[in-house]
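One-letter residues, chain by chain:
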Amino acid sequence: MVVSVNNSEHLNQPVRMEESSPDPPFEETYKNLFEGLTDTPQKNFPELSAVEECELPLIDLNQLNLGDSERKACKKQIARASQEWGFFQVINHGISREVLGKMREEQVKLFKKPFQEKTNYKDLNFSAGSYRWGTPSATCLKQLSWSEAFHVSLSDVLGSGRRNSLRSIMEQFAVMVSELSQKLVDILAEEMGEKSGFFKETCLPSTCYLRLNRYPPCPIHPQMFGIMPHTDSDFITVLHQDHIGGLQLVKDGNWFAVKPNHDALIINIGDLFQAWSNNVYKSVEHRVVANPVNERYSAAYFFCPSYDTVIQSGVQPCVYRSFSFGEYRKQVQQDVKIFGHKIGLPRFLLQTH
């Protein structure tokens, strides 16, 4: 899960911009970070140059509905990809193109609203701080995320009684993706020889999050992070992205650009699953690179437990000490505020490791 600092820090800064513009005032707010840039982007972000494209492992979930041999093979594919890549993509996942298309349509309409309207948007009745942009704690360009998002607790959406087209499709999408997430974590637990009841008891739809992302074009600096490198602070993430591309991940110590697949959803392992599995499944660092010409949209579902849920591996010897999800989130937020980036699981290593 992307953990952002609340953007209320931006509100104390005077910003002059066209009232009708949908884009956050990145250039004006962070102008001191752009001073001293060279004309050669590779010198400013050398790690973004020469990134090869890769195709993630592709898994057809329809195999789970076939015979025993096909079902077993599919489950082993899911486990292997989670161990070796920490990322994979799924087709025949049970979420229709109509639902995904409607979700994207409503998401685009929301982000096309003027920036000032988004910062004070009351119609959806989301919790305070749901709308986020940039990186308030950034002290250098490499800590700046050129993006905006609505990071929404599903407790704000599910069964609220408030109805409009965006809330309705968000709820429909979330319920379907929640079922998919539960199916996948059950399989991953089963492949470890563990019982899966833990996830059904602790990861309820109301404890999960949905993040609607927009990455505006970044013409002033051709190579910028849309989201800076990070791992997700959840069990698994389900991502629906558009065709623009920009998602990159680490594999065998190198960064690779993920080739978009219109028919697939992307799944990645989060920190909590890496800890719970005792490093069997990998939470892999990933990032988004902004596009100089085209805007990019994505929607991410974060499969999370309640804050008081204790994460402890049943595999011995344990690599990490036990911790609650609430403790983990608090530590991540503190580190982001102090250091400008997340530290994550290394904070919770047992001393013997």
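You'll find the structure just up there.
Given the structure is predicted, the values throughout are model-derived calculations rather than measurements.

J.: Please provide a residue-by-residue account of helix α5 (residues 97–111), values included.
T.: The end-to-end C-alpha separation of α5 is 21 Å, in line with the 21 Å expected for 15 residues at 1.5 Å each. Within α5 the residues assigned to the buried category are V99, L100, M103, R104, E106, Q107, L110 and F111.

J.: Any chance you could break down helix α4 (residues 68–84) for me, citing the residues and the numbers?
T.: Compared with an ideal rise of 1.5 Å per residue, which puts 17 residues at 24 Å, α4 spans 24 Å between its outermost C-alpha atoms and is within 8% of the ideal. Three or more residues of α4 are buried, namely C74, K75, I78, A79, A81 and S82. Along the axis of α4, the buried positions cluster into a sector of 165°, meaning they face one direction only. Exposed positions of α4 whose direction lies more than 90 degrees from the buried face are S69 and K72. Against β2 (58–60), β3 (87–91), α7 (165–191) and β11 (265–269) lie the buried residues of α4. Looking one or two places after α4, you find G86, whose phi comes out positive at around 75°.

J.: Tell me about the packing of aromatic side chains, and name the residues and values.
T.: If you walk through the whole model with that rule in mind, you get 23 aromatic pairs. Seen from their ring centres, Y307 and F325 are 5.7 Å apart, and the 65° between their planes marks the pair as edge-to-face. Of this pair, Y307 sits in the loop between β13 (296–303) and β14 (310–311) while F325 sits in helix α10 (residues 325–339), placing them 18 residues apart in sequence. Using a relative accessible area of 0% as the deciding quantity, one classes F325 as buried. Among the aromatic residues, those joined into a ring-pair cluster are F26, Y30, F34, F111, F115, F126, Y131, W133, W146, F150 and Y297. Here the guanidinium or amino end of K251 rests over the ring plane of W85, the centre of that ring lying 5.1 Å away. Positioned over the ring face of W255 is R287, at 3.8 Å from the centre of the ring.

J.: Any details on the packing of α4 against α7? Residues and values, ideally.
T.: Any two packed helices are characterised by the angle at which their axes cross and by the distance between the axes. Closest axis-to-axis distance for the α4/α7 pair is 9 Å, and the angle between their directions is 85°. Compared by their axis directions, α4 and α7 come out roughly perpendicular. Counting all contacts with α4, which are made through K75, K76, I78, A79 and S82, the residues of α7 involved are L184, I187, L188, E190 and E191. Within the contact of α4 with α7, the residues separate by chemical class into five nonpolar, one polar and four charged.

J.: Outline unusual backbone geometry, supporting the account with residue identities and numerical values.
T.: Residue P317 is reached from Q316 by a cis peptide bond, and omega for that bond is -5°. Structurally, the position occupied by P317 is in the loop between β14 and β15 (323–324). A positive phi angle is found at N278, which is not glycine, with a value near 60°. In this structure, N278 sits in the loop between α9 (271–276) and β12 (286–289). Residue classification places N278 among the buried positions, given a relative accessible area of 11%.

J.: Summarise the pattern of salt bridges; cite the residues concerned and give the values.
T.: Counted by the stated rule, this structure contains 19 salt bridges. Across the pair K251 and D252 runs a salt bridge, and its minimum N-O distance is 3.1 Å. With a relative accessible area of 14%, K251 lands in the buried category. If you follow the salt bridges from partner to partner, you end up with D23, K112, K118, E148, R214 and E295 in one network.

J.: Requested: an account of the pairing of β3, with residues and values cited.
T.: Most of β3 sits out of view: four of its five residues are buried. In the sheet, β2 pairs with β3 via three bridges, with the strands oriented parallel. Along β3, the bridge assignment pairs D60 with I91. Read as a crossover between parallel neighbours, the route from β2 over α4 to β3 is right-handed. Sheet analysis places β3 next to β11, joined by four bridges and oriented antiparallel. Bridge pairing links F88 to I267 in β11.

Parameters and conventions
- Residues numbered from 1 in each chain as written.
- Predicted model: local features only at pLDDT ≥ 70, side-chain atom pairs only at ≥ 80, totals over all residues.
- Heavy atoms only, no water.
- Helix = DSSP H or I, 4+ residues; strand = E, 2+ residues; numbered from the N terminus.
- Expected span 1.5 Å × (residues − 1).
- Buried < 20%, exposed > 50% of the residue type's maximum accessible area, 1.4 Å probe, protein only.
- Arc of directions from axis to C-beta.
- Contact = heavy atoms within 4.5 Å.
- Phe/Tyr/Trp six-rings, centres within 6.5 Å; stacked < 30°, edge-to-face > 60°.
- Lys NZ or Arg CZ within 6 Å of the ring centre and 35° of its normal.
- Axes fitted to C-alpha atoms, helices over the stretch in contact; angles between N-to-C directions.
- Parallel < 35°, antiparallel > 145°, perpendicular 65-115°, else oblique.
- Nonpolar A, V, L, I, M, F, W, Y, C, P; charged D, E, K, R; others polar.
- Salt bridge = Lys/Arg side-chain N within 4 Å of Asp/Glu carboxyl O.
- Pairing = 2+ DSSP bridges.
- Right-handed = clockwise from strand over helix to strand, strands pointing away.

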